[in-house]
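Coordinate inspection notes
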Amino acid sequence: MTANLEVRDGVGTILLDRPPMNALDVATQDRLRELAEEATRRDDVRAVVLYGGEKVFAAGADIKEMQAMDHTAMVVRSKALQDSFTAVARIPKPVVAAVTGYALGGGCELALCADFRIAADNAKLGQPEILLGLIPGAGGTQRLARLIGPSRAKDLIFTGRHVRAEEALSIGLVDRVVPAAEVYEQAHAWAAALAKGPALALRAAKESVDAGLETDIDTGLTIERNWFAGLFATEDRERGMRSFVEEGPGKAKFL
């Protein structure tokens, strides 16, 4: 297997396992889609960590494999590539990327699929596809611009330069920088804390934010309103409000 799903304390870790650099070949891309769909289905997975191991997150696509593809082959493959990453982005649960070492090209694009990114202090991120005469093809031109703004995204995409952890933090490409030895445990702790929360409300929050970003403000408010009202039919809403009234804020325990 090029990747697997490990579950602990309600957190499913999608672990890339293709030494030495976790190059994202076709088999790994397809496996990511399978694992994202599994994490979506499983009730015992309430949050997800994306992790490439202690040394590297993912150093990009398998260039030797791509070099052998012609235009016709890539017309077919590019849709499957994007679908794999979109499956990760649409996991209806909190997702955090634990970024160690290099997260370049497809590796950076995979990190962009997470809701939150924790990077090692030695991490380097970037979209170097321009140096191959290409552009990002797994969502980088779209997700990166939405995350850090079009001007900063164009800087990284046009130049192909690598961004060190501190700069990545300053431009909003990552959300937290920690010592390399602490990346996974901090990511797991973030996910585990959310795994104890109300699953449907977390799903509603994620889908409202993500869907709202793709539309106008009025449509976004309609999405929010429908989810907000719908949550009044859930046991978690009853449990949360009852706990607030009887015990005070922040003490509810959700199933």
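Pairing is mixed across the open sheet formed by 3 strands, whose spatial order is β5-β7-β8. A single partner strand is all that each edge strand has here, and the edge strands are β5 (102-104) and β8 (163-164). Bridge analysis of β5 against strand β7 (residues 124-126) gives 3 bridges, and the strand direction is parallel. Of the residues in β7, the one forming a bridge with A103 is L125.

Right, let's talk about the layout of surface pockets for a bit. As a volume, the largest pocket reaches approximately 850 Å³. Taken together, 28 residues make up the lining of the largest pocket; nearest its centre are A89, D115, R143, D210 and L213. Listed by contribution, the elements that provide at least two residues to the lining of the largest pocket are α3 (71-89), β6 (116-120), α5 (140-148), α8 (183-195) and α9 (199-213). The biggest single contributor to the lining of the largest pocket is α9, with 8 residues. The class makeup of the residues in the lining of the largest pocket is 16 nonpolar, 2 polar and 10 charged. Estimated volume of the second largest pocket: approximately 600 Å³. What lines the second largest pocket is a set of 31 residues, and nearest its centre among them are A61, M66, E129, L134 and G137. Looking at the lining of the second largest pocket, the element that brings in the most residues is α3, giving 5 residues. Classifying every residue of the lining of the second largest pocket by side-chain character gives 20 nonpolar, 6 polar and 5 charged.

With that settled, consider the environment of L16. Inspection of the secondary structure assignment puts L16 in strand β2 (residues 11-16). A relative accessible area of 5% places L16 in the buried class. Residues L16 and R237, 221 residues apart in the sequence, show an inter-C-alpha distance of 36 Å. Setting aside chain neighbours within four positions, we find L16 in contact with T2, A3, N22, L24, T28, L32, Y51, G52, F57, A58 and L110.

Attention now moves to the side chain of S208. The residue S208 is located in helix α9 in this model. Of the residues examined, S208 reaches a relative accessible area of 16% and is grouped as buried. With sequence-adjacent residues up to four places away left out, S208 is seen in contact with I223, E224 and W227.

Now for the pairing of strand β1 (residues 3-8). With 6 bridges joining them, β1 and β2 adopt antiparallel strand pairing. Looking at the pairing, A3 lines up with L16 of β2.

Rules and cut-offs
- Residues numbered from 1 in each chain as written.
- Predicted model: local features only at pLDDT ≥ 70, side-chain atom pairs only at ≥ 80, totals over all residues.
- Heavy atoms only, no water.
- Pairing = 2+ DSSP bridges.
- Helix = DSSP H or I, 4+ residues; strand = E, 2+ residues; numbered from the N terminus.
- 1 Å grid on protein atoms, 1.4 Å probe; cavity = no way out; pocket = protein on both sides within 12 Å on 5 of 7 lines; lining within 4 Å.
- Points joined across faces, edges and corners; volume = space filled by probe spheres on them.
- Nonpolar A, V, L, I, M, F, W, Y, C, P; charged D, E, K, R; others polar.
- Buried < 20%, exposed > 50% of the residue type's maximum accessible area, 1.4 Å probe, protein only.
- Contact = heavy atoms within 4.5 Å.

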